[in-house]
Every structure is written in C-alpha cells, then in structure tokens.
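# Reading the structure
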Amino acid sequence: MRIRRCAVLWLEPREVAHFELEALLGGGTGVVSNMQWYAHAPQLEAPQPVDVQDVTLLGEMSPSDWIDDVPLYERFGAQRLLTLLQAGLLIGDSEDCAGQRQADEHFRAQHWYGLSSVWHAASRWQGLDAAGEVAEAGMDTALGLRTRYGAPPPMLHDRGEAAERIPLPRSTHTPLDELLDARNSCRNFDTSNTLPQAQFAHTLERVFGARGQVHAAEDFDVLKKTSPSGGALHPTEAYLIVRRVEGVAPGLYHYRAGDHALQPLGLDADAVMAGAEKHVDNAKDKSALDYLAWIAVGGQQWFADAHVLVVMAPRFARNFWKYRNHAKAYRVAILDVGHLSQTLLLTATELGLGSFITAAINEVDIERAFGLTGYVDGPLAVCGFGVRADTMVTSEFDPNRKVWPRRG
Ligand SMILES: Cc1cc2nc3c(=O)[nH]c(=O)nc-3n(C[C@H](O)[C@H](O)[C@H](O)COP(=O)(O)O)c2cc1C
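Labelled according to an unreviewed UniProt entry, the chain appears under the name Putative peptide maturation dehydrogenase, originating from Luteimonas cucumeris.

Here it is in structure tokens:
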C-alpha cells in the first residue's frame, strides 16, 4: 500500500486539566494538568489525541507524495500506522482506506486555505446549551460581566490630546436613518401568531433572491443580489427552519434564489432528538422541530421562538474556486454573511417585524439536520425574523425607545 498524509494538519500542544484524588489528599485543589498533542484535520469530526511518536511520523509525511508503507511499518510499527490510517490522519490508497481517502479528497476539492479550514472546523459546536452555561456562570447581565472581568476597554477610542480637532457637520436624517434607528435585535417573538406569507416571501426575495444575471464566460454565470459578495460569487445558501408561517408547513426548507421558491427537505426526527438526552429539561415538551430550533441557536429560546430561522451556509467551493487556497477567502465568506444579515435585519424592520443574528450556533446539529458537510457548506450564522410580541420578557437594547413600548 502507498500512504500520504491528509491534506491539512495542525498539531496543537494543549494543556489538559483533570481531577486526581491523590492531589486533593496531598493538600492541593485536586486539579492536575499535563500537555497533550492534538492533531487537527478539518475533514475529521474532531481533533485526535496523538503522542510524540505520532507527531514525528506525521511531521515526516508529505500531504502530496504517496510513499510505500513498508519502510514506515519497519520504523514506526504496524499498530501506530494502522491507528493513524483509521483516524484519517494518514491516507492509504488501498480499498479498506476508501472512506477516509474520499473525505480527504472531498476536502481537497474545496480549495481551503489550510489555517482557515482548521479554524472553521475547530470553532464548530455540537449540542451546546451556551445560553444555559452563560446564565449559570452569572454572565448574562452587565453586572455579572463587570464583576468577573473588571472594566472593559472604554466605549470610545481617544487617540490622545490632539492640538486641533476638526468638527464635522451633522446631517439631516433621511428615511434610511429612520429605518436604521428602528432596527434592534428582537428577543421577544409572538409565539401565538403566524407570520403572513407575503412578509415571509418578501424578506427572502429581498435578501437572498436573484435580481439579475450575467453570463461571465462559458459555464460561469453570476447573480446580482441586494448585498455585495466577494468576487460576485454569492456562495451563501439560505436554509430555513420554518415554524409559524401562514400557508407554509412547519419544517426544513432550502430557499431557491433563482426561481424564488422553497425546496422542502425532510426532517429526521429521531436523528435530531438523538442529542437531546443531555438537555432533558429543555427537550421535554418540544417537538423535533422545536428542539432543532432551540439547539441551532445554542439554547437561546428567545431566538428559537422566531417564526423563521435562516441558516446561512456558504458553499465554500464556489468562493474558493476563484480565491483558491487563499488566506483571505474564509474572511470574505464570513463578511458576505454579515452583509446578508444586515440586509435581512433592515428588510424585516421595514416590514415592522423583529429580527436577529447570532453566531452562537451548534453547527454540527444544524449540518446533520440539513444534510450539510461542515467543510463543504457549513453554517456560519443564523438569522431569524417574525412578528414581535407585545410585551418584553427578555431584555432588548432600545435606549432611544424606538421599539418599546410596542405601539399598536
Ligand atoms: C455577529 C453577531 C452575533 C450576535 N449574537 C448574539 C447572540 O448570540 N445572542 C444575543 O442575544 N444577541 C446576539 N447578537 C445581538 C447583539 O447582542 C446586539 O446586536 C447588540 O446587543 C446591540 O443591540 P441591537 O442589535 O439591538 O442594536 C449578535 C449580534 C451580532 C452582530
């Protein structure tokens, strides 16, 4: 068999803490830490713990040149090689290595910049009730944060005593200013009401719909949308968790930008609920769709209550086709999503709806529900929109009283 290393590998020397009774009985806290190597390979589910011999072996292996495995067996032993092959850190050309080899090849075909792919993979969450953890740590209030971390860096940035400052004229507000001032992050959706279909469709069309098309070259067509996109490639797809929309059955959908239509996607309730056992209190009384909405936004029920949640997931290969293995390309994909988000928030505001964005999302749970692959079309953020509630239960940031109290 011939072997090479997987496409991208980052070796992390991680400090790992664990509890030891002996250390506690010896008069300490019982917490002992030691160093452990972790191998990050973005096509794998999780980083793999490896030892120093593995590090030496992996460090010698080329990610491009295939070499005969016999000298490696002799130097490092069959068991070590087999373990690294099964883990997917080494890739073999034999039939029994086909699964890991296909994942590695699929990953290579996306043209990721190596460090970006490691960052992207390492920042994905699974099954995390982030809201619950923040609340438990008392960090869900300004006072809690201030007590724990001390004062933050100042609100305004002052570059020191300037000899001369140039005052600028104030502008006259236009309707765009009114719209911008009326936007705020909604954490109070009306769960007793449905969203009119016209407003649902309007928002999707405005934000994600195609407004024009250019034939740039053979097999290369480019869309015009209301938000900018690096290279005009518009890689971001909108996947919907529809909860309460007039005339649209609750469920999962893909928004088709070209013909402004919904593609229904099945919901595998058993697969969605498979991770729910560690959140029994929050999962009970929830349907699979309700649970998915809750876990998708990291346990933030105030966002899960939105009538529609929009998962924004770039098809990385569409962007990286042009910006091939490019150090800036992932940043551009993230910025694209940020622009789409602001267009969505302003559109919802104009329609009198509430809206939000969050990056505190459980990417892995979302990917499994929608049949996505993290390094191919992984979610970067979730937006939501819907009808606002009449009363505020979860706090919102509205110092200028543009939204609250609700006006009929
Ligand atoms: C990228 C991004 C992520 C955010 N994530 C969260 C979040 O996880 N939970 C939340 O309650 N608000 C989230 N927000 C909303 C901010 O808290 C909010 O924008 C901020 O408090 C200012 O309030 P405003 O949007 O009403 O002006 C996020 C905002 C942005 C831009």
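On to the layout of surface pockets, then. Each pocket or cavity is described by its volume, and for the largest pocket that value is around 470 Å³. Val134, Asp140, Arg187, Gln300 and Trp302 are, among the 17 residues lining the largest pocket, the residues nearest its centre. For the lining of the largest pocket, the secondary structure elements donating two or more residues are helix H7 (130–136) and helix H14 (301–304). With four residues, H7 is the single largest residue contributor to the lining of the largest pocket.

Turning next to empty space enclosed by the protein. Counted under the stated rule, the structure contains one cavity of 30 Å³ or more. Estimates place the volume of the largest cavity at around 50 Å³. Around the largest cavity, the lining residues are Lys225, Pro228, Ser229, His234, Pro235, Thr236, Asp336 and Leu340. The residue inventory of the lining of the largest cavity, partitioned by class, reads three nonpolar, three polar and two charged.

Okay, the sheet that holds strand E3 (residues 31–40) next. Pairing within the open sheet is antiparallel, and its three strands lie in the order E2-E3-E4. The open sheet has two edge strands with one neighbour each: strand E2 (10–19) and strand E4 (48–50). Strand after strand, the sheet turns through a mean of 50° between neighbouring axes, direction not considered.

Conventions we followed
Counting starts from 1 at the beginning of each chain's written sequence and moves along it residue by residue. With pLDDT at 70 or above as the cut-off, local features in this predicted model cover only qualifying residues; side-chain atom pairs require 80 or more to be listed or tallied, and sums for whole chains, interfaces and linings still use all residues. Side-chain descriptors were evaluated using all non-hydrogen atoms of the structure, hydrogens and water having been removed beforehand. Of the grid points, spaced at 1 Å and generated over the protein atoms alone, those admitting a 1.4 Å probe that cannot get out make up cavities, while open sets with protein on both sides within 12 Å along at least five of seven lines make up pockets; any residue with an atom within 4 Å of a point is treated as lining. Grid points are joined across faces, edges and corners, and a volume is the space filled by probe spheres set on the points. Helix and strand assignments follow DSSP, with helices taken as H or I runs no shorter than four residues and strands as E runs no shorter than two, numbered in order from the N terminus. Classification convention: Asp, Glu, Lys, Arg as charged; Ala, Val, Leu, Ile, Met, Phe, Trp, Tyr, Cys, Pro as nonpolar; all other residues, Gly among them, as polar. At least two DSSP bridges between two strands are needed for those strands to be called paired. For helices, the fitted line uses only the C-alpha atoms of the stretch in contact; every axis is such a line through C-alpha atoms, and the angle between N-to-C directions lies from 0 to 180 degrees.

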